[in-house]
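Read off the chains here:
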Amino acid sequence: MPRPALQAHDLVRIHAGRRILDGLSLTAAPGRPLGLIGENGAGKTTLLRLLAGVDRPDAGRVSRPAGLGFLHQEVPFDTGTTVVQVLDDALREARAALAELDRLTGLLGRTPDGSPGHAALLDAYAAALERAEEAEVWDADRRAARTLHGLGLGDLSPERTLGSLSGGRRGRLALAALLVRRPAALLLDEPTNHLDDEAAAFVEERVRELPGVVVVASHDRAFLEAVCTELIDLDPAPGGPVRYGGGYHAYLSVRQAERRRWVQRFAEEQQELRDLRRAAEVTGHRLAPDRARTDHEKMGYGHRAGRVQRQISRRVRDAARRLAELERNAIAAPPRPLTFRPAQLATGSGTEEAGETGEHGAPLVVLRDAHLPGRPPLPQLEIGEGDRLLVTGGNGAGKSTLLSVLAGRLPAHGTVHRRPGLTTAMLTQDTVFAHPDRTARQVYARALGAERAEEVPLAALGLLSEADTRQPVGRLSAGQRRRLALALLVARPPHLLLLDEPTNHLSPRLCDELEEALGPGPGAIVVASHDRWLRRRWGGRELRLRPEGS
Ligand SMILES: Nc1ncnc2c1ncn2[C@@H]1O[C@H](COP(=O)(O)OP(=O)(O)OP(=O)(O)O)[C@@H](O)[C@H]1O
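Every value quoted in this text rests on a predicted model; they were computed, and no experiment measured them. (Residues numbered from 1 in each chain as written. Predicted model: local features only at pLDDT ≥ 70, side-chain atom pairs only at ≥ 80, totals over all residues. Heavy atoms only, no water.)

A few words now on the domain arrangement of the protein chain. Taken domain by domain, the protein chain consists of domain 1 (6-30 + 41-64), domain 2 (78-182), domain 3 (256-329) and domain 4 (352-544). Between the C-alpha centres of domain 1 and domain 2 the distance comes to 30 Å. (Domains from an automatic or database assignment.)

Here you go:
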């Protein structure tokens, strides 16, 4: 039986009066993973939610295979659910399929060949067998164990509640549950945000071999390249969202060429519009009945007056027609992309306090034999002025713990010496704002104080558009919320800036700009990241953490 595709027709979605999706159609075929890409706020999550049936479109429709699985950016289970309950839920369909097969086998055994109902029973058995084979139900328990292991969750006690797990582990468990279930259509929103290299490679492998529909929204270039056979770019384009075949690299070059063509077409069209308007004005002026004629015009005027008049009128009419047509169908101006423009990310710490205490030139932070009960060991570490340190390590190696200790958010035993007067700021992995109804601007002004917010206006940082700064933070996309959190940090640069997985949720363009800003400069910056792409290009100091016992 052919597997069903997922299809969307003419989807429209309006948020707060803005058309986020405007007549989008797509088909996601089984076995051909489709990637959704675009700037933060382009509408990827919005589209996934419509495809999943979590939200209803304002117009258009979706037809989807039964038994669809959706990995949200935020985990959908409540905090009291245990690990074993999540897995039982994932295995429910496989177990039900096996039970049904057993029941039909028993019935067949008791029904003699040729007796009434035997043929119907055989058909039911064949159908149940096909469903069970498709879902690979015999392998389900083994698959569950292998998947937990592959996602670095092999050590999880089945009785742990989700509330007791870190956000990253909760996310990985939700993903594991979906890979175990193998739904006919799998929709994934930023699946690699919490994955180290090994886990990301494992997921790539599993997703590639899924026989059903896969649609994935992601900013992870390495993942998109490895998994997707087609991409849909939701960023503005003259003819609406564009579909690209051939993976991420192919997309990048085609997309750049398209953007150049758009800019050029727009410039040419604007020039033509200006010319036509000028021509219409000048010719209109020449034809005006009360205009005095020049001597040159008077000489031939009587003789050729009628013909010239007709020619000019025709030209005026043609120009007016072309002008009206162009004005009606003019291509939209290519939107100017946001450009991250921080004055600096961190600031020099030659503070008065340091001078007074004779610590000028001393390290900003020193860790010696520092440790926290129940957490991975902390390294011996000195962070000095101008340092740029990349902290790497697999899931559970203690990257976030280290950053929290450096930030002074987690008290550790042993020596944690911070230079007097040192200011630190940390971009955490979960961006939560306490008042979702406050606009981004209000949050910014309250956090920084009106004076600083005026000195460094939010929109001037190039992280959010003017329009988005007026949005309530609860309505911003995950990436836009992270952009706001970053803006709050760089608007008042600290001496020591700590970035925990800074590239999660951020668009590739911003990641590039951020990476550039991380280069040499004043202050100190410590970055914890699993991003393969960032790590590959990092030129500075690196500290690799290993989980205890490894
Ligand atoms: N409930 C809502 N009300 C108003 N606007 C909304 C709402 N939900 C989303 N939006 C807006 O819709 C746009 C698209 O949001 P969406 O979350 O789909 O973007 P995205 O492409 O997934 O972004 P990201 O890359 O940051 O995850 C954003 O501008 C967002 O502010």
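Additional details are given in the paragraphs that follow.
Another aspect to go through is the sheet that holds strand β4 (residues 59-63). In space, the three strands of this open sheet follow the order β2-β1-β4, with antiparallel pairing throughout. The sheet is open, and its two borders are formed by β2 (18-28) and β4, each paired with just one other strand. Going across the sheet, the axis of each strand differs from the next one's by a mean of 20°, ignoring polarity. With four bridges joining them, strand β1 (residues 6-15) and β4 adopt antiparallel strand pairing. Bridge pairing links Q7 to S63 in β4. The sheet contacts of helix α1 (residues 44-52) involve β1, β2 and β4, and relative to β1 the element is tilted by about 125°. (Pairing = 2+ DSSP bridges. Helix = DSSP H or I, 4+ residues; strand = E, 2+ residues; numbered from the N terminus. Axes fitted to C-alpha atoms, helices over the stretch in contact; angles between N-to-C directions. Contact = heavy atoms within 4.5 Å.)

So, on to helix α11 (residues 399-407). In an α-helix, one full turn covers 3.6 residues, which means residues spaced three or four apart are oriented alike. Counting buried residues in α11 gives eight out of nine residues, a clear majority hidden from the surface. Among the residues making up α11, those that are buried are K399, T401, L402, L403, S404, V405, L406 and A407. A positive backbone phi angle near 80° is found at G408, which sits one or two residues after α11. (Buried < 20%, exposed > 50% of the residue type's maximum accessible area, 1.4 Å probe, protein only.)

Neighbouring residues of the ligand: 20 residues in total, closest K44, T45, T46, S477 and G479. With respect to the ligand, the backbone of T45 contributes an N or O atom lying 2.8 Å from an oxygen atom. Relative to its unbound accessible surface of 640 Å², the ligand loses 88% to contact with the protein. Going through the elements one at a time, β2, α1 and α15 (478-490) are the ones with two or more residues in the shell around the ligand. By residue class, the composition of the shell around the ligand is five nonpolar, 11 polar and four charged. Lining the shell around the ligand are residues from two domains, each supplying at least three of them: domain 1 (6-30 + 41-64) and domain 4 (352-544). (Near = heavy atom within 4 Å. Polar contact = N/O pair within 3.5 Å; in protein donor to acceptor, adjacent residues only side chain to side chain. Areas by Shrake-Rupley, 256 points an atom, 1.4 Å probe, with all protein chains shown as cover. Nonpolar A, V, L, I, M, F, W, Y, C, P; charged D, E, K, R; others polar.)

Extensive coverage of strand β12 (residues 388-392) is indicated by the burial of five of its five residues. Burial along β12 is two-sided: the face carrying R388, L390 and T392 and the face carrying L389 and V391 are both buried. Relative to strand β16 (residues 524-528), β12 runs parallel, the two sharing four bridges. Across the sheet, R388 pairs through a bridge with I525, a residue of β16. Note: β12 against strand β17 (residues 541-544), four bridges, orientation parallel. When the bridges of β17 are listed, V391 appears paired with L543.

Below, the discussion takes up the pattern of salt bridges. Following the criterion strictly, the structure yields 34 salt bridges and no others. Across the pair R95 and D88 runs a salt bridge whose closest N-O atoms are separated by 3.1 Å. We classify D88 as partly exposed; its relative accessible area is 36%. In this structure, a network of salt bridges that share partners links the residues R221, D512, E515 and R537. (Salt bridge = Lys/Arg side-chain N within 4 Å of Asp/Glu carboxyl O.)

Along the chain, the position of E190 falls in the loop between β6 (185-189) and α6 (197-208). When its relative accessible area of 7% is taken as the criterion, E190 is described as buried. A sequence separation of 118 residues divides E190 from H72, and the C-alpha atoms of the two residues are 8.0 Å apart.

Another point: the environment of F266. Tracing the backbone shows F266 in helix α8 (residues 247-287). Separated by 180 residues in the primary sequence, F266 and V86 have C-alpha atoms spaced 53 Å apart. Leaving out residues up to four positions away in the same chain, F266 has contacts with I331, A332, A333 and P334.

Turning our attention to helix α12 (residues 440-448). Among all positions in α12, only A440, V443, Y444 and L448 are buried. Along the long axis of α12, the arc covered by the buried residues comes to 110°, so they all point the same way. Positive backbone phi, at 90°, marks G449, one or two positions downstream of α12. (Arc of directions from axis to C-beta.)

What follows covers unusual backbone geometry. Most peptide bonds are trans, and most residues other than glycine sit at a negative phi. The backbone of D10 shows a phi angle near 45°, a positive value even though the residue is not glycine. If you trace the backbone, D10 turns up in strand β1. Phi at A16 takes a positive value of approximately 45°, unusual for a residue other than glycine. In this fold, A16 is placed in the loop between β1 and β2. Given a relative accessible area of 62%, A16 falls into the exposed group.

Moving on: the side chain of H530. In this fold, H530 is placed in the loop between β16 and α17 (532-537). On the accessibility criterion, H530 (11% relative accessible area) is buried. When neighbours within four sequence positions are excluded, H530 is seen to be in contact with T192, N193, H194, L195, D196, D197, E501, N504 and R535.

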